[in-house]
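Read off the chains here:
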Amino acid sequence: MSKHKNAFEIFRFLDKSNCRECGEKTCLAFAGAVFLGQKRIHECPKLSREALERFAGEPDDRNTNEQNPEEYLQKLKSEVSRLDLAEASERVGARFSGGKLTLKILGKDFGIDAEGNLSAEIHVNPWVAVPFLVHVLRGEGLPASAKWVPFRELGGGRELYPLFQKRCEEPMKRVADTHTDLFDHIVHVFSGRQVEEQFESDISVVLHPLPKVPVMICYWQPEDGLESSLHIFFDETADRNLDIGSVFTLGTGLAQMFTKIALRHGILPSTPIR
Ligand code: SF4
């Protein structure tokens, strides 16, 4: 993650011409990618003298949780080895037994011991493991408030929202459009729960990537010439139970997982949920 407080700190030094030479559609999206460590500031060829001075000494090689997820994971694990796991378990509402903290992730056990060893009933992907560790290390352990907000309303989310749309909501919508059984799959395989339709959507499904960090996916079917749409909502406490980078990682990780499942199986389970 960047040493900057938010993407706007980076954006204000950019050219703002949205020329796309960096590979992003807008300067704001580029700033978001730099903030998340997915791009290097020097990938913008239009940096002013002021910006070059400001970012002098900025590492010119990617060193982030996305580019080097294993490295970032190791760093977090070593922090856990200095943590009081019993206290952390109480804070985040985890089970603590045999020196191990265990939480349910998408309905499956996911644990860590005092040496920083992870154990899980599911594959240990960095997009799951990093938010899990950030939650254990720094999460406030607040109970969900049941107030749903879009990503852009979380602390630090506004600047990153264009990128979040591109990497999470748009790919997930493409899967939902072509695999209408996506929501059945979510409910049955990932211990999701269909809830009463929210925000006048046609389908609303809640998942728990972490017990205290629920995610709600709302889908609007195409109607009367209008395109379908899909939006993700988080509990308003999400940015205090995690950091915004980890909320981003969870959302984009879910989108990647659904896309992979759709590609691999072609047809998803077909039991209707509505
Ligand atoms: S290359 Fe620089 S100026 Fe052009 S869109 Fe990217 S950040 Fe903006």
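Residues numbered from 1 in each chain as written. Predicted model: local features only at pLDDT ≥ 70, side-chain atom pairs only at ≥ 80, totals over all residues. Heavy atoms only, no water.

Visitor: Help me get a handle on the overall build of the protein, residues and values and all.
Guide: Counting its secondary structure elements, the protein contains 10 helices and 9 strands. Counting across all 274 residues of the protein, residues that qualify as buried make up 51%. Taking the contacts inside the protein whose residues are at least 6 apart along the sequence as the reference set, 59% of them involve residues at least 24 apart. Counting only carbon and sulfur atoms, one obtains 48% of the accessible surface of the protein, whose full area is about 13,300 Å². (Helix = DSSP H or I, 4+ residues; strand = E, 2+ residues; numbered from the N terminus. Buried < 20%, exposed > 50% of the residue type's maximum accessible area, 1.4 Å probe, protein only. Contact = heavy atoms within 4.5 Å. Areas by Shrake-Rupley, 256 points an atom, 1.4 Å probe, with all protein chains shown as cover.)

Visitor: Now, about the site of the ligand: what can you tell me, with residues and values included?
Guide: Looking at the ligand, the residues that line it are Asp15, Ser17, Asn18, Cys19, Arg20, Glu21, Cys22, Cys27, Phe30, Cys44 and Pro45. The residue makeup of the shell around the ligand, split by class, is 6 nonpolar, 2 polar and 3 charged. (Near = heavy atom within 4 Å. Nonpolar A, V, L, I, M, F, W, Y, C, P; charged D, E, K, R; others polar.)

Visitor: Please give an account of the sheet that holds strand β9 (residues 229-235) that cites residues and values.
Guide: Taken together, 5 strands build an open sheet; the order of strands is β5-β9-β8-β7-β6 and the sheet is antiparallel. The open sheet has two edge strands, β5 (148-150) and β6 (193-194), and neither has a second partner. As defined by bridge partners, β5 adjoins β9 across 3 bridges and the pair is classed as antiparallel. Bridging across to β9, tryptophan 148 finds its partner in aspartate 235. (Pairing = 2+ DSSP bridges.)

Visitor: Now, about the side chain of lysine 77: what can you tell me, with residues and values included?
Guide: On the secondary structure map, lysine 77 appears in helix α4 (residues 69-80). Apart from residues no more than four positions distant in its own chain, lysine 77 is found in contact with Gly116, Leu118 and Leu133.

Visitor: Tell me about the packing of aromatic side chains, and name the residues and values.
Guide: Scanning all chains against the criterion turns up 10 aromatic pairs. These aromatic residues form a ring-pair network of at least three members: Phe151, Tyr161, Phe164, Phe234 and Phe248. The positively charged end of lysine 16 is found above the aromatic ring belonging to phenylalanine 11, 5.2 Å away from the centroid. The side chain of arginine 152 reaches across the aromatic face of tyrosine 161, ending 5.1 Å from its centre. (Phe/Tyr/Trp six-rings, centres within 6.5 Å; stacked < 30°, edge-to-face > 60°. Lys NZ or Arg CZ within 6 Å of the ring centre and 35° of its normal.)

Visitor: How would you explain helix α5 (residues 85-92) if you had to name every residue and give the values?
Guide: For α5, the complete set of buried residues consists of Leu85, Ala88, Ser89, Arg91 and Val92. Take α5 and look down its axis: the buried residues cluster within an arc of 165°, on one side only. The backbone nitrogen of alanine 86 lies 3.1 Å from a side-chain oxygen of the residue at the head of α5, namely aspartate 84. Glycine 93 sits one or two positions beyond α5 and adopts a positive phi of about 75°. (Arc of directions from axis to C-beta. Polar contact = N/O pair within 3.5 Å; in protein donor to acceptor, adjacent residues only side chain to side chain.)

Visitor: Explain unusual backbone geometry to me, and be specific about the residues and the numbers.
Guide: A positive phi angle, close to 75°, is found at arginine 20, a residue other than glycine. Phi at serine 191 is positive, roughly 50°, even though this residue is not glycine. Relative to the helices and strands, serine 191 is located in the loop between α8 (182-189) and β6.

Visitor: With reference to specific residues and values, describe the nonpolar core.
Guide: Membership of the largest hydrophobic core comes to 81 residues, with the highest contact counts inside it found for Phe132, Phe151, Phe183 and Phe258. For this core, the leading source of residues is helix α10 (residues 244-265), giving 10 residues. Grouped together as the second largest cluster of nonpolar side chains are 7 residues, Trp148, Met216, Cys218 and Trp220 included. (Core = buried A, V, L, I, M, F, W, Y, C linked by side-chain atoms within 4.5 Å.)

Visitor: Residues and numbers for the packing of α5 against helix α6 (residues 126-138), please.
Guide: Here α5 crosses α6 at 100°, and the two axes come no closer than 8 Å. On the basis of the axis angle, α5 is roughly perpendicular to α6. Together, Ala88, Arg91 and Val92 of α5 and His135, Val136, Leu137 and Arg138 of α6 make up the contact between the two elements. For the contact of α5 with α6, the class distribution of residues is 4 nonpolar, 1 polar and 2 charged. (Axes fitted to C-alpha atoms, helices over the stretch in contact; angles between N-to-C directions. Parallel < 35°, antiparallel > 145°, perpendicular 65-115°, else oblique.)

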